[in-house]
Amino acid sequence: MKFGPIAIYEAEGAVLAHATTAGERRFRKAHRLNGEDVAALKAAGISEVVVAVLAPDDLGEDAAAEKIALSMSHRNVETKPAATGRVNLHAETAGVFTVDAKMIDAINAIDPAITIATLAQHAPVEAGQMVATVKIIPFAVAASLVDAVARICAGGEIFAVNAYRPVNVGVIQTTLPGLKPSVLDKTLRVTEARLARSGGRLKAERRTPHDVTLVAEAASALARDNDMVVIFGASALADFADVIEKAGGKVIRAGMPVDPGNLLVLGTLDGKRVIGAPGCARSPKENGFDWVLDRLVAGLDVTASDIAGMGVGGLLMEIPSRPQPREPLPSRSAKAEPRVDIVLLAAGRSSRMGGPNKLLALFDGKPLVRRTAERALGSKAANAIVVTGHQRERVRSALSGLDITLAHNPDFADGLASSLKAGIARVALDAAGAMIVLGDMPGISSKDLDSLIDAFRRSGGRAVVRAAHHGKRGNPVLLPRSLFAAVAQLEGDTGARHLVEAEGLDVIDVEIGQGASIDVDTREALEGAGGVLQD
């Protein structure tokens, strides 16, 4: 391939290096010129164009990318059509991504013109997510180089999405005097949410005294009827390994080089996997427990050497709530303010819109759900959790690049309660409250959210705080942690309003203006608020 300017009369068959306009016609970059195109360019007074001239053995960028992609062997991966020298590959199902790194490296070493990029090894993926991309950098590449890539690809499976399996999990929680049942209840909800993302099911739970013999008996019983057993200790249960061995099982690995997650223990019992969960597994935040759990649910083996190899990249995050943080925190003269997380509800079907999803309507050129999420992120809240459901992938795409936590609610059609529970289950363990923000309220600003958070903090983190307009209650609503357990019991299309009234807590109404009462349930309301529906 030769690249550079040539006379227009020599340009037939060449590939344009830049977009070019000829009268009313516009030729895109990488367009291959035919005789009619050349005539139009001449007629427009263009005497020279910058092009790539292909050699007889060159393949155009799209043809080359497509040939490489089609030569690959993979599982549960869909190959998209080639465009602008690129072929994207997407997961056909949710699961854990695995890749032959040596094969990828060998391909990328052939020539800089040919590139393949993938997700990281063992990355969790959702259905529809892009997992790899083939890109031809110049406008064409020698066919011999493409053939060399195809020969490497013939060596076996290059990557795969290992689909999650619907496993049944039994959970054991040990108890000690002074351990609140609410902690155990929260752990159960967090575990259920963790399993739900991968299609697993928490089938049974047993609560036993913190005693090796009793826990071993419970583990044996649960292993008979479940695919996996997870044990949570009331304190750092250093004898997880003893429990597995006493039950007649085998310890695979005790301890892992991932922080948080150091105290994880993995073993087998009656052919089933047993995980002694580290304390951080009670939190929805990513930790070493997730890495092992996701792989097992996806049907991948996890060996002692696999866990030993998790050290690079295994330093995840510090948890300030630990009794003894790994690194001293800066001293503060004042007590830390109560933490607030935001739960943004974006799972609804927009049934009153008659088809289009109102959360994807454009306000000032931006999808409503993204606009609302950005305002949540711009507030004093510590984290924004977005609950998805209807049109999950479209909503996820609209939120691309934002530093949010996604919580999918597969039961969104059951009503509001299921989304509230899915969001609350992902709230941080050290959060004093959760602000419930509806995704369809375009009038809410970051400043409004801060007004509610400030009022909540002044109450010591114990009151319910509601947005109001002219003295009439509206949304958002900030719930203290004392209501979380009650939220977990809600069913159907029930919100948290009746809980506020039934629990007898102090309620603070904060006047924020008409934003508290403007939602966009109908086409008329949405268009009146300045929105433009998208099909």
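The following refers to the structure shown. Just so you know, these numbers come straight off a predicted model, no measurement behind them. (Residues numbered from 1 in each chain as written. Predicted model: local features only at pLDDT ≥ 70, side-chain atom pairs only at ≥ 80, totals over all residues. Heavy atoms only, no water.)

## A look at the sheet that holds strand β5 (residues 48-53)
And then number 1: Taken together, three strands build an open sheet; the order of strands is β1-β5-β2 and the sheet is antiparallel. Strands at the two margins of the open sheet, each flanked by one partner only, are β1 (2-7) and β2 (15-16).
And then number 2: Across two bridges, β2 lies against β5 in antiparallel orientation. Within β5, the position partnered with L16 by the bridge is V51. (Pairing = 2+ DSSP bridges. Helix = DSSP H or I, 4+ residues; strand = E, 2+ residues; numbered from the N terminus.)

## Section: the nonpolar core
And then number 1: Ranked by internal contacts, the top residues of the largest apolar core, which has 32 residues, are V369, L399 and M435.
And then number 2: Elements supplying a minimum of two residues to this core: β22 (339-346), α10 (368-377), β25 (383-388), α11 (392-398), β27 (431-438), α13 (446-458) and β28 (464-469).
And then number 3: In terms of residue count, the dominant contributor to this core is α13 (five residues).
And then number 4: Not counting the four nearest positions on each side in its chain, M435 is found in contact with V340, D341, I342, V343, L449, L452, I453, P476, V477 and L478.
And then number 5: One finds A64, F97, V131 and I136 within the second-largest nonpolar core, a separate group that totals 29 residues. (Core = buried A, V, L, I, M, F, W, Y, C linked by side-chain atoms within 4.5 Å. Buried < 20%, exposed > 50% of the residue type's maximum accessible area, 1.4 Å probe, protein only. Contact = heavy atoms within 4.5 Å.)

## As for the packing of helix α2 (residues 61-70) against helix α4 (residues 143-153)
And then number 1: In the contact formed by α2 and α4, the axes pass within 9 Å of each other and the chain directions differ by 15°. In terms of axis orientation, α2 runs roughly parallel to α4. For the pair α2 and α4, the sense of crossing is right-handed. Within the contact between the two elements, α2 uses A64, K67 and I68 and α4 uses V146, D147 and V149. (Axes fitted to C-alpha atoms, helices over the stretch in contact; angles between N-to-C directions. Parallel < 35°, antiparallel > 145°, perpendicular 65-115°, else oblique. Left-handed = near helix turned anticlockwise from the far one by under 90°.)

## Structural notes on the pattern of salt bridges
Opposite charge on two side chains allows them to pair when their charged atoms are near.
And then number 1: Evaluated as defined, the whole model comprises 20 salt bridges.
And then number 2: Between E205 and R207 there is a salt bridge, with its nearest N and O atoms 2.7 Å apart.
And then number 3: For E205, a relative accessible area of 28% gives the class partly exposed.
And then number 4: Of the charged contacts in the structure, one is a salt bridge between E374 and K366, with a shortest N-O distance of 2.8 Å.
And then number 5: The class for E374 is partly exposed, based on a relative accessible area of 28%.
And then number 6: On the accessibility criterion, K366 (30% relative accessible area) is partly exposed.
And then number 7: In this structure, a network of salt bridges that share partners links the residues R25, E36 and D37. (Salt bridge = Lys/Arg side-chain N within 4 Å of Asp/Glu carboxyl O.)

## A few points about unusual backbone geometry
And then number 1: At the junction of D259 and P260, the peptide bond is cis and its omega measures out at 5° in the coordinates.
And then number 2: On the secondary structure map, P260 appears in the loop between β19 (250-254) and β20 (265-269).
And then number 3: The step from N475 to P476 runs through a cis peptide bond, and the omega angle for that step is 5°.
And then number 4: For P476, the position within the fold is in strand β29 (residues 472-480).
And then number 5: With phi around 50°, T84 is a residue other than glycine that occupies positive phi space.
And then number 6: Topologically, T84 is positioned in the loop between β8 (77-79) and β9 (86-91).
And then number 7: The backbone of H122 shows a phi angle near 65°, a positive value even though the residue is not glycine.
And then number 8: As for its placement among the helices and strands, H122 is situated in the loop between β11 (114-118) and β12 (124-125).

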